[in-house]
Every structure is written in structure tokens, then in C-alpha cells.
Amino acid sequence: MPRLQKPDCLLNAFIFKEWEFVSATRKYLSDLILGIYKDKKDCQLYAEKLATASSELIENAYKYSPQDTDFQIILQKSDDEIVLEVRNYVQGNPQNTLKAIQNEIELVYGDPDPREAFKKKVLASLSDPGGKSMLGYAKIRLETGGIISAELEDQLLLITVVFPLDPTQQ
């Protein structure tokens, strides 16, 4: 029976909720992937995808986690995929937050056309500028082709984006 490959952990960092740390981490993730694929020009696109996805997820964790907390960023790579995870505590009831995010993910991925899903989210954010339109998930789908999921693990919100390395799986 073939053994499943254990993914390589490229980054496992805890970021304190201060914008300087958040900003530096966003840049570092992109540079890290560019370094990994420096000899594979056709794979450097993943650096851009990760920069977009991590920027959105890290900004969400920054905005919606309680004051004086940190959040965790994990980046893993296997032969088949790159996985970005952001874990953070949430303000309010974690179950309610998870359900709202899962509903949002279903809306974004329920539309067969990522451009239409993004357009709907933009229009929703324009009609309610003070609301939480969660435009970032639609942006991640449109610009990266990544597959987003959400779950709770020990009262931490875990948002995962998977980037298949085989373009036919995206």
C-alpha cells in the first residue's frame, strides 16, 4: 500500500496583533514561495496566489480577533498542493462566527463563475458600506483559484486555502 506523503511545513508562525508584524508577514510569505520556486518559472505564480490569499486572511484575522491576541499562520507544501492556514480567536460566539463564514464560503463557491461571485460581493459591499461583505473570500476564489474551508479547532477559527499544484484540479 503506498504511503501518503507528509507535507513539508514551510512556515509555522504566531503573529501578534500589531500591524507592523502583520505587514511584514504578508511580504515574507510571498518572498518565501518565490525562493522555493526560483528555478521553476512556471510555478512562481503560486507566490502571487499566496500573497493575495494570505493578505486577505491575515487582514481578516487582524480585524476580527480580540485585542491582545495573536494568530497563527501555517504554510505547507506537498507534491500535490500548497496549503495556507490562518488560525485565530474570534470576538463573540465562535460557533456563530464559523456558521456565518461557512455560509459566506458556500455563497462564493456556489456560483459557477468566480467573476459573477466577485461582482455580487462588490455590489453588496457598495450597497452596505458599513456591513461585513466578506469580499476577501470572493477575491481569493477569483484571483487565486484556491479552495477555502473553515472550521473550529479548540475554540480557534481555522481558515484554510488549498492550492492544487495540478492546474486541472483548480
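Predicted model only: the values in this text are computed from it and were never measured.

Q: How should the sheet that holds strand 1 (residues 8-16) be read in this particular structure?
A: Paired through backbone hydrogen bonds, the strands of a sheet run either parallel or antiparallel to each other. The sheet built from five strands is open, its strands ordered 1-2-3-5-4 with antiparallel pairing. Looking along the sheet, the strands with just one partner apiece sit at the ends: strand 1 and strand 4 (147-153). When strand polarity is set aside, the average angle formed by the axes of neighbouring strands in this sheet is 15°. As defined by bridge partners, strand 1 adjoins strand 2 (residues 70-77) across eight bridges and the pair is classed as antiparallel. Considered in strand 2, the bridge of phenylalanine 16 is made with aspartate 70. Running at roughly 170° to strand 1, helix 1 (residues 19-36) makes contact with strand 1, strand 2 and strand 3 (81-88) of the sheet.

Q: In this structure, what is going on with the confidence of the model for the protein chain? I would like to understand it.
A: Note that predicted coordinates carrying low pLDDT should not be read in detail. Looking at the protein chain as a whole, the pLDDT averages 84, with 87% of positions reaching at least 70. Mean pLDDT values for the elements of the protein chain range from 78 in helix 1 up to 96 in strand 4.

Q: Looking at this structure, I do not really get the environment of isoleucine 105. What am I missing?
A: In this structure, isoleucine 105 sits in helix 3 (residues 94-110). Among the residues examined, isoleucine 105 registers a relative accessible area of 10% and is labelled buried. Leave out the neighbours within four places in its chain, and isoleucine 105 touches Tyr137, Ile148, Ser149 and Ala150.

Q: Can you walk me through the packing of helix 4 (residues 114-127) against helix 5 (residues 135-144) in this structure?
A: In contact at an axis separation of 9 Å, helix 4 and helix 5 are set at 160° when each is read in the N-to-C sense. Compared by their axis directions, helix 4 and helix 5 come out roughly antiparallel. Note on packing geometry: the crossing formed by helix 4 with helix 5 is left-handed. Along the contact surface, helix 4 presents Pro114, Arg115, Ala117, Phe118, Lys121 and Val122, while helix 5 presents Leu135, Ala138, Lys139, Arg141 and Leu142.

Q: So what exactly am I meant to see when it comes to the pairing of strand 5 (residues 156-164) here?
A: The side chains of a regular strand alternate between the sheet's two faces. Across the nine residues that make up strand 5, a large majority, nine, are buried. Burial along strand 5 is two-sided: Leu156, Leu158, Thr160, Val162 and Pro164 facing one way and Leu157, Ile159, Val161 and Phe163 facing the other are all buried. With eight bridges connecting them, strand 3 and strand 5 associate as antiparallel partners. For arginine 87, the partnering residue across the bridge sits in strand 5 and is leucine 158. With seven bridges joining them, strand 4 and strand 5 adopt antiparallel strand pairing. Counted as the bridge partner of isoleucine 147 is valine 162 from strand 5. Where strand 4 folds back on strand 5, the antiparallel hairpin that results is connected by two residues, among which aspartate 154 adopts a positive phi of roughly 55°.

Q: Honestly, the side chain of threonine 144 in this entry has me stumped. Any pointers?
A: Following the sequence through the fold, threonine 144 ends up in helix 5. Here the side chain of threonine 144 touches isoleucine 140 through a polar contact of 2.5 Å, landing on its backbone oxygen.

Q: Explanation requested: the nonpolar core in the structure shown.
A: Grouped burial of nonpolar side chains is what soluble globular proteins tend to show. With 35 residues, the main nonpolar core has Leu57, Ile73, Leu75, Leu84, Tyr137, Ile159 and Phe163 as its most contacted residues. The element contributing the most residues to this core is helix 2 (residues 45-64), with seven residues. Leaving out residues up to four positions away in the same chain, isoleucine 73 has contacts with Leu11, Asn12, Ala13, Ile15, Thr25, Leu29, Ile58, Leu84, Glu85 and Val86.

Definitions and cut-offs
- Residues numbered from 1 in each chain as written.
- Predicted model: local features only at pLDDT ≥ 70, side-chain atom pairs only at ≥ 80, totals over all residues.
- Heavy atoms only, no water.
- Pairing = 2+ DSSP bridges.
- Helix = DSSP H or I, 4+ residues; strand = E, 2+ residues; numbered from the N terminus.
- Axes fitted to C-alpha atoms, helices over the stretch in contact; angles between N-to-C directions.
- Contact = heavy atoms within 4.5 Å.
- pLDDT = per-residue confidence, 0-100.
- Buried < 20%, exposed > 50% of the residue type's maximum accessible area, 1.4 Å probe, protein only.
- Parallel < 35°, antiparallel > 145°, perpendicular 65-115°, else oblique.
- Left-handed = near helix turned anticlockwise from the far one by under 90°.
- Polar contact = N/O pair within 3.5 Å; in protein donor to acceptor, adjacent residues only side chain to side chain.
- Core = buried A, V, L, I, M, F, W, Y, C linked by side-chain atoms within 4.5 Å.

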